[in-house]
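# Coordinate inspection notes
Here is what each chain is made of, one letter per residue.
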Amino acid sequence: MKVRADIAALIREGHTNASIALRLHCGKSTVARAREALRLPPADKLGRIYAEALPTGRVKDYRPDRMPLAPAQQAANRARLLAALKDAA
């Protein structure tokens, strides 16, 4: 079996099959077969905690499209928008 380089790299970093499958948009069974082909054991729980930023399955480089703003930042943005609107009028 030919193992994809990105799957092999994530397995060696200690990510779980589910985490790798989620990140690379492939099936868990694909990752499991790659792990068997490389003759590597399943990721341990401690390695998973360090490899993944959160034990919920989200990985370190997970960034949603829009990050929520702090209330102070929201107020500053609102004040800037109102000032721009007053200048335009």
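Since the structure is predicted, the reported quantities are computational estimates derived from the model, not experimental observations.

## Quick notes on the nonpolar core
Ile7, Leu10, Ile11, Ile20, Ala21, Leu24, Cys26, Val31 and Ala34 form the largest nonpolar core, which has nine residues in total. Counting residues per element, the ones that place at least two in this core are α1 (5-13), α2 (17-24) and α3 (28-37). Apart from the residues within four sequence positions on either side, Ala21 is in contact with Cys26, Gly27, Lys28 and Val31.

## Section: the packing of α2 against α3
Contact geometry for α2 and α3: axes closest at 8 Å, N-to-C directions at 120°. Here α3 runs oblique to α2, going by the angle between their axes. In the packing of α2 onto α3, the handedness of the crossing is right-handed. In contact with Asn17, Ala18, Ile20 and Ala21 of α2, α3 contributes Lys28, Val31, Ala32 and Arg35. When grouped by side-chain class, the residues that make up the contact of α2 with α3 number five nonpolar, one polar and two charged.

Thresholds applied
Residues numbered from 1 in each chain as written. Predicted model: local features only at pLDDT ≥ 70, side-chain atom pairs only at ≥ 80, totals over all residues. Heavy atoms only, no water. Core = buried A, V, L, I, M, F, W, Y, C linked by side-chain atoms within 4.5 Å. Buried < 20%, exposed > 50% of the residue type's maximum accessible area, 1.4 Å probe, protein only. Helix = DSSP H or I, 4+ residues; strand = E, 2+ residues; numbered from the N terminus. Contact = heavy atoms within 4.5 Å. Axes fitted to C-alpha atoms, helices over the stretch in contact; angles between N-to-C directions. Parallel < 35°, antiparallel > 145°, perpendicular 65-115°, else oblique. Left-handed = near helix turned anticlockwise from the far one by under 90°. Nonpolar A, V, L, I, M, F, W, Y, C, P; charged D, E, K, R; others polar.

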